[in-house]
Amino acid sequence: MTLSATDLHAQQAWEFWRKIGSPKYHVAPMVDQSELAFRQLCLRYGATAAYTPMLHSRLFLEDPKYRAEHFTTCPGDRPLFVQFCANNPSTLLQAAELVQDHCDAVDINLGCPQRIARKGKYGAFLMEQMELIESLVTALAQGLRVPVTCKIRVFPELERTLAYAHMLERAGCSVLAVHGRTREQKQAKAVRADWNIIKAVREAVSIPVLANGNIRHLQDVHDCIAYTGVQGVMSAESLLEDPALFWHQRLQPGGAYTAVEGVRLLKEYLDLAEQFPTPMRMVRGHTFGLIGPWLQEFTDLRDKINTLKLEFSMIREVIAELDVRIPQTGRDYPIPKISERALARMEREAALAGAVAEQNRQDTALASLLASSNKLTGQVQQAIQQKVELEA
């Protein structure tokens, strides 16, 4: 019996899924936060697959410095999905070809709702351009030796979401990760993800599906899989607070996460960040993610982490001080010295500052590429002019 193209693709997608171990627990792609050291920490504590941070396809292709800083891996860093943002199929394919021998799959970011994606015309801001999205997926599906996967957000209308998922499957997507929020629903704490629409997608397509949204604890993972029928889940913000979220001990007596765990996990992360050289901006971000609640109580230690020229030794000194102060409180939880409203404002400001900083880094890198291109064009034109004058 001859299989249809759709059935053959589904069969190949499931063969790939089983080949990489049918991973249930995924580290979501996070700009400047799902780097190698952090992925290794999460894999140590129960994660069974991980995504790189979102990589800008043009910068990755044309800027060796960007490529070296943003993509690092090691033999234990598998299964690995390398995620790109793009709006040009040729550029995306050429960038993906550079990593296909160092990963298990290449993922296309079709879900980023942030201002950097709006300005760059990628992520969730391609959702009105279905033909372009289809061409991006098809380019990778036909041009790579590894599968192509996609991460999306949903439309407000179920029918449009299902049509979107079907199109991606037909174009060659082998694994579909669905964030159960719309492009406009940016604040995870303010709007719950819709597991019903994720369930509907899972039932509509023939390829493996991952769920993203409302994963705060390990029990949420089990509840989500049971309710939606997905093959796995991914977590982002919750993993930043507890990289051991997927660890089976979290559901055992005495294994629940406490703020004291954050201090211990930061020690392990720092060891990994030194083993796998990590930009200090990423290290600082994880430091606040893991011990931020204690820094809200011991504000003098927070000021030390906020210093411009932060070093590993300075973070270790703060940890050593916390090892002294926390037992003296008699608590395993901090008591912030500022209000929840002020904390929320600080989190929003920090997130905005991080987004602006990343946008500035991309803008600077793209401007440098443009300047180099213009310089080369000028040199070529000058050489042509000189040749014409000599021949004359």
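Going by the structure above, here's the rest.
In this report, the structure presented in the accompanying data block is examined. Just so we're clear, the structure is a prediction, and the values are computed from it rather than from any experiment.

1. Description of helix α5 (residues 89-97)
And then number 1: Considered for burial, the residues of α5 that qualify are T91, L92, L93, A95 and A96.
And then number 2: Contacts made by the buried residues of α5 are with α3 (57-62), β4 (80-85), β5 (105-110) and α7 (130-143).
And then number 3: Where α5 begins, the capping side chain belongs to N88, and its oxygen is found 3.0 Å from the backbone nitrogen of S90.

2. A closer look at the packing of helix α9 (residues 195-204) against helix α10 (residues 218-228)
And then number 1: One can describe the packing of α9 onto α10 by two numbers: an axis separation of 9 Å at closest approach and a directional angle of 50°. The pairing of α9 with α10 is recorded here as oblique in orientation. Considering only the axes of α9 and α10, their crossing is right-handed. In contact with W195, N196, I198, K199 and R202 of α9, α10 contributes D220, D223, C224, Y227 and T228.
And then number 2: For the contact of α9 with α10, the per-class residue count stands at 4 nonpolar, 2 polar and 4 charged.

3. A look at the pattern of salt bridges
Side chains that carry opposite charge are capable of pairing whenever their charged atoms lie near each other.
And then number 1: The tally for this structure, following the rule as stated, stands at 21 salt bridges.
And then number 2: For D77, the salt bridge is made with R39, and the minimal N-O distance between the two is 2.7 Å. In this pair, D77 sits in the loop between α4 (64-70) and β4 while R39 sits in helix α2 (residues 36-44), placing the two residues 38 residues apart along the sequence.
And then number 3: A relative accessible area of 1% places D77 in the buried class.
And then number 4: We classify R39 as buried; its relative accessible area is 1%.
And then number 5: A salt bridge links R216 to E241; the shortest N-O distance between them is 3.4 Å. In this pair, R216 is assigned in the loop between β8 (209-212) and α10 and E241 in helix α11 (residues 237-241), connecting sequence segments 25 residues apart.
And then number 6: The class of R216 is partly exposed, set by a relative accessible area of 39%.
And then number 7: Note on E241: relative accessible area 31%, which makes it partly exposed.

4. Here we look at the packing of helix α12 (residues 259-275) against helix α15 (residues 312-329)
And then number 1: Put simply, α12 and α15 touch, their axes get as near as 11 Å, and they point 160° apart. Of the possible angle classes, the one that applies to α12 and α15 is roughly antiparallel. Regarding α12 and α15, the two cross each other, and that crossing is left-handed. Facing α12, whose interface residues are V260, V263, L266, K267, L270, D271, A273 and E274, α15 presents F312, I315, R316, I319, L322, D323 and I326.
And then number 2: Each residue belonging to the contact of α12 with α15 can be placed in one class, and the counts come to 10 nonpolar, no polar and 5 charged.

The rules we used
Residues numbered from 1 in each chain as written. Predicted model: local features only at pLDDT ≥ 70, side-chain atom pairs only at ≥ 80, totals over all residues. Heavy atoms only, no water. Buried < 20%, exposed > 50% of the residue type's maximum accessible area, 1.4 Å probe, protein only. Helix = DSSP H or I, 4+ residues; strand = E, 2+ residues; numbered from the N terminus. Contact = heavy atoms within 4.5 Å. Polar contact = N/O pair within 3.5 Å; in protein donor to acceptor, adjacent residues only side chain to side chain. Axes fitted to C-alpha atoms, helices over the stretch in contact; angles between N-to-C directions. Parallel < 35°, antiparallel > 145°, perpendicular 65-115°, else oblique. Left-handed = near helix turned anticlockwise from the far one by under 90°. Nonpolar A, V, L, I, M, F, W, Y, C, P; charged D, E, K, R; others polar. Salt bridge = Lys/Arg side-chain N within 4 Å of Asp/Glu carboxyl O.

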